Amino acid sequence: QVQLVESGGGLVQPGGSLRLSCVAPGNIFSVYHMGWYRQAPGKQRELVAAITSGGGTTYVDAVKGRFTISRDNAKNTVYLQMNSLEPEDTAVYYCNARSPNLMVTYWGQGTQVTVSS
């Protein structure tokens, strides 16, 4: 069983910042596409940001200019730097790893991000 281990969630005031981290096994990290999804109460899970094994990135429009996804292949870690956080960013954030042929997907356990004053 592949485990993705997330950390970095918490409570932050509007306008604040958080950085999420996700560590994946080394045998998959270097070749898998990595992403961050989120799910707010009563809503469907949505893609927030993704980064390919080659470093290409994509973002949902709502976070463009505020969030940055990056990966450190030496540490088998993908990061999500979240700046200028808004209450609408409150959700459980999940790390995702997808095989190059998109046939295999792994999920982390989720980490809560709450943006509130």
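Residues numbered from 1 in each chain as written. Predicted model: local features only at pLDDT ≥ 70, side-chain atom pairs only at ≥ 80, totals over all residues. Heavy atoms only, no water.

*Asks:* Sorry if this is basic, but what is going on with the state of the cysteines here?
*Replies:* Cysteine pairs can be linked by a disulfide, which is a covalent bond between their two sulfur atoms. Counted according to the given criterion, the structure contains one disulfide. Covalent S-S linkage joins Cys-22 and Cys-95, the inter-sulfur distance amounting to 2.1 Å. With the S-S bond torsion at -80 degrees, the cross-link from Cys-22 to Cys-95 turns out left-handed. Linking Cys-22 in strand E3 (residues 18-23) with Cys-95 in strand E9 (residues 91-98), this pair joins segments that are 73 residues apart in sequence. When its relative accessible area of 0% is taken as the criterion, Cys-95 is described as buried. (Disulfide = S-S within 2.5 Å. Helix = DSSP H or I, 4+ residues; strand = E, 2+ residues; numbered from the N terminus. Buried < 20%, exposed > 50% of the residue type's maximum accessible area, 1.4 Å probe, protein only.)

*Asks:* What exactly am I supposed to notice about the side chain of Arg-71 here?
*Replies:* Within the fold, Arg-71 resides in strand E7 (residues 67-72). We note that Arg-71 is buried and unpaired, the nearest opposite charge coming from Asp-72 at a distance of 8.7 Å. Side-chain polar atoms of Arg-71 contact the backbone oxygen of Phe-29, separated by 2.4 Å. There is a polar contact of 3.2 Å between the side chain of Arg-71 and the side chain of Asn-73. The residues touching Arg-71, leaving out its near neighbours within four places in the chain, are Phe-29, Ser-30, Tyr-32, His-33, Met-34, Ile-51, Thr-52, Ser-53, Thr-77 and Val-78. (Lys, Arg positive; Asp, Glu negative; His and termini not counted. Salt bridge = Lys/Arg side-chain N within 4 Å of Asp/Glu carboxyl O. Polar contact = N/O pair within 3.5 Å; in protein donor to acceptor, adjacent residues only side chain to side chain. Contact = heavy atoms within 4.5 Å.)

*Asks:* Could you clarify how one ought to interpret the layout of surface pockets in this entry?
*Replies:* Rolled over the atoms, a probe sized like a water molecule indicates the empty space that remains. One number sums up the size of the largest pocket: a volume of about 180 Å³. His-33, Met-34, Ala-50, Asn-96 and Arg-98 are the residues nearest the centre of the largest pocket, which is lined by 14 residues in total. When contributions to the lining of the largest pocket are tallied by element, the ones reaching two or more residues are strand E4 (33-39), strand E5 (46-51), strand E6 (57-59) and E9. Counting residues per element, the lining of the largest pocket draws most heavily on E4, at four residues. (1 Å grid on protein atoms, 1.4 Å probe; cavity = no way out; pocket = protein on both sides within 12 Å on 5 of 7 lines; lining within 4 Å. Points joined across faces, edges and corners; volume = space filled by probe spheres on them.)

Purely geometric numbers; function is a separate question.
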